[in-house]
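# Fold and contact review
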Amino acid sequence: MPLGTRLALGLGVLSLVVFAVVGTALSTYMRDYLERQLDDQMRLVQITQSKDVLAHGAVQRKPYFGWYTAAYEVSGSTARLRAPDDADDVPEDAGELAAVAELRSTTGEDLFRTAHLRGQGTYRLRACEVESGVVLVTAAPTTDIRATMRQLYTVQIVAFALALVALVLSGRAMLRRGLKPIGDMAHTARGITSHDLTDSARLPVRAGGGDGGPEVEELRTAFNTMLEHIDDALVVRTRAEQRLRRFVADASHELRTPLTSVRGYADLFQYAAAHSPEERDKHLGRLRAEAARMSVLLDDLLLLARLDAAEVEEPLRLTETDLGELVRQAADAFRAGHPDRPLTVTAGAGPVRLRLDPLRVRQVLDNLLTNAAVHTPAGTRVRLEVTREGAAGSGTATAVVRVADEGPGIPAEDRERVFDRFYRVDKARSRDRGGSGLGLAVARSLVAAHGGTIELTGGPGSTVFTVRLPIGGTV
């Protein structure tokens, strides 16, 4: 059963209970009101009848619209009827009247009672004392009261039934209209199975609450926010899966080359050992070189995997270190390995001390300097600079290292991808000269593990890598 129908039926049941309570209260009040009116009429009638009792000793009149009266002489607990021989105003069954007269004599107060007279029906009785020892009892029929109450019951049943039907129908229509946004959400949720998370799948948010009120609009907003988060999460997951597939394919490709070389050199070594002993050492050296190259590649892949898994404690061993001294050591190593490329080192006054892993930061510097040497022609000037930005102790102080060269530069379309794993700007460059394409990816991951950033700027004739590390701790 639909939710709107269940709510409408529940509203109908609740309304039925309310109508029953209201009808009962109204009927009770109306009955009491009519009985009070009848009691007042009986009181007025008895004032007139008491004069007849005092003058004649009995009531000298005929039944009036079914009313009966009787005068009783009460002695102790016995009541005796005072009436002439033709007293037609006393009913055949006068036992209830006599009992009321006796009770009035006992209590000493005027009283009312509703009783059933045999052969006559239900009557309202009133007893009052007209003189000492004489009690006048008047009996008025309740036929009009019962007829009025029956009409009231009929009107209430018809009116409440019509009101109940109208309330259920109108309530169901209103509930259906109010629950329409929830239906829209269900329709949108079903569309998620088809991965339709575009803006067309969003629910409209109306100012002022719309048809469903502010609560429904708040639900719409929360639902749209959830869809946006799901959409963003799916995009991130898709990109991550694409990067993973590309990474696995590139890694397989990169590992296949040295493995093929190792297998080939192993075969050549086996052949040389049997036929050309003088070639054996040369093939063994090549075999070792390929194994070492593959080992370096695997080490880089393992380091990237650990950094991606946030295993910070294992790849990083933090100590208080002077970054300027590391820069000078990296510069000395670069000059020794690449004497054909002039290197200029600029360091600020005083040491730049911060907590870092010297080996990993040195690896970053060596990668950037090697990158400048590999991708530029001989004689290209290289500049290495270390500075401090921000006030010391302010919490925003940063150590900045810049590695710049005056080579041909990196095309604008490749600058955003140079930090991707296995990415090479020059696709035709050999692996012996161009490396595996992991150097900049490793450098970015190591800098990020230290809580810093690395970026590439510049254009033709100028390439600048800027590394920023926070002073005062790492993340």
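Shown above is the structure to which this text applies.
Here goes a summary of the coordinates provided. Remember, it's a predicted structure, so these values are computed and weren't measured experimentally. (Residues numbered from 1 in each chain as written. Predicted model: local features only at pLDDT ≥ 70, side-chain atom pairs only at ≥ 80, totals over all residues. Heavy atoms only, no water.)

### A short note on the overall build of the chain
- Helix and strand content of the chain: eleven helices and twelve strands.
- Of all 475 residues assigned to the chain, the portion counted as buried reaches 36%.
- As displayed, the chain offers around 27,000 Å² of accessible surface, 56% of which is attributable to carbon and sulfur atoms. (Helix = DSSP H or I, 4+ residues; strand = E, 2+ residues; numbered from the N terminus. Buried < 20%, exposed > 50% of the residue type's maximum accessible area, 1.4 Å probe, protein only. Areas by Shrake-Rupley, 256 points an atom, 1.4 Å probe, with all protein chains shown as cover.)

### Side note on the pairing of strand β11 (residues 453-459)
- Here β11 pairs with strand β12 (residues 462-470) via seven bridges, running antiparallel. Bridge pairing in β12 places Gly-459 opposite Ser-462.
- Following β11, the chain reverses through two residues before pairing antiparallel with β12; Gly-461 in that reversal takes a positive phi of roughly 85°. (Pairing = 2+ DSSP bridges.)

### Points about the nonpolar core
- Formed by 44 residues in total, the largest nonpolar core has its most connected members in Leu-323, Leu-368, Leu-369, Leu-384 and Val-401.
- Looking at this core element by element, the count peaks at seven residues for helix α8 (residues 358-374).
- Once residues within four sequence positions are removed from consideration, Leu-384 is found in contact with Val-327, Ala-331, Leu-343, Thr-344, Val-345, Thr-346, Leu-369, Val-401, Arg-402 and Val-403.
- In this structure, Val-74, Ala-79, Val-100 and Tyr-123 belong to the second largest nonpolar core, which totals 18 residues. (Core = buried A, V, L, I, M, F, W, Y, C linked by side-chain atoms within 4.5 Å. Contact = heavy atoms within 4.5 Å.)

### Structural notes on the environment of Ala-449
- Looking at the secondary structure, you find Ala-449 in helix α11 (residues 439-449).
- Put simply, Ala-449 and Leu-356 are 93 residues apart on the chain and 9.8 Å apart in space, counted from C-alpha to C-alpha.

### Concerning the sheet that holds strand β5 (residues 134-141)
- With antiparallel pairing, five strands are arranged side by side in an open sheet as β2-β1-β5-β4-β3. Across the chains shown, the open sheet's two edge strands, defined by having one partner strand only, are β2 (78-82) and β3 (111-117). Between one strand axis and the next, the sheet turns by 35° as a mean value, whatever way the strands run.
- Relative to β2, strand β1 (residues 68-75) runs antiparallel, the two sharing five bridges. By the bridge assignment for β2, Val-74 is matched with Ala-79.
- Against the sheet, helix α2 (residues 95-107) engages β1, β2, β3, β4 (121-131) and β5, with an angle of about 160° to β3. (Axes fitted to C-alpha atoms, helices over the stretch in contact; angles between N-to-C directions.)

### Some points on the pattern of salt bridges
- Using the criterion set out here, one finds ten salt bridges in the structure.
- Between Arg-362 and Asp-366 there is a salt bridge, with its nearest N and O atoms 3.0 Å apart. Of this pair, Arg-362 and Asp-366 are both found in helix α8, four residues apart, which corresponds to roughly one turn of the helix.
- Assessed through its relative accessible area of 26%, Asp-366 is described here as partly exposed.
- For Glu-389, the salt bridge goes to Arg-468, with nearest N and O atoms at 3.7 Å. Here Arg-468 lies in strand β12 and Glu-389 lies in strand β9 (residues 382-389), a separation of 79 residues in the sequence.
- Under the relative-accessibility criterion, Glu-389 is labelled partly exposed at 31%.
- Through salt bridges with shared partners, a single network forms among Glu-389, Arg-402, Glu-455 and Arg-468. (Salt bridge = Lys/Arg side-chain N within 4 Å of Asp/Glu carboxyl O.)

### Describing the packing of aromatic side chains
- Going through the model one piece at a time under the given rule, you end up with two aromatic pairs.
- Aromatic pair Tyr-29 and Tyr-33: ring centres 6.4 Å apart, planes at 15°, arrangement stacked. Of this pair, Tyr-29 and Tyr-33 both sit in helix α1 (residues 3-56), separated by four residues, roughly a single helical turn. (Phe/Tyr/Trp six-rings, centres within 6.5 Å; stacked < 30°, edge-to-face > 60°.)

### Considering the side chain of Thr-321
- Assignment of secondary structure puts Thr-321 in strand β6 (residues 319-322).
- Accessibility expressed as a relative area gives 11% for Thr-321, which makes it buried.
- At 3.1 Å, the side chain of Thr-321 and the side chain of Thr-319 are in polar contact.
- In contact with Thr-321, other than residues within four places in its own chain, are Leu-326, Val-352, Arg-353, Leu-354, Leu-356 and Pro-358. (Polar contact = N/O pair within 3.5 Å; in protein donor to acceptor, adjacent residues only side chain to side chain.)

### Focus: the packing of α8 against α11
- Two elements in contact, α8 and α11, have axes whose closest approach is 9 Å; the angle formed by their N-to-C orientations is 145°. As α8 runs across α11, the sense of the crossing is left-handed. Across the interface between the two elements, Arg-360, Gln-363, Val-364, Asn-367, Leu-368 and Asn-371 from α8 touch Gly-439, Leu-440, Val-442, Ala-443, Leu-446 and Val-447 from α11.
- Among the residues making up the contact of α8 with α11, the classes are represented as seven nonpolar, four polar and one charged. (Left-handed = near helix turned anticlockwise from the far one by under 90°. Nonpolar A, V, L, I, M, F, W, Y, C, P; charged D, E, K, R; others polar.)

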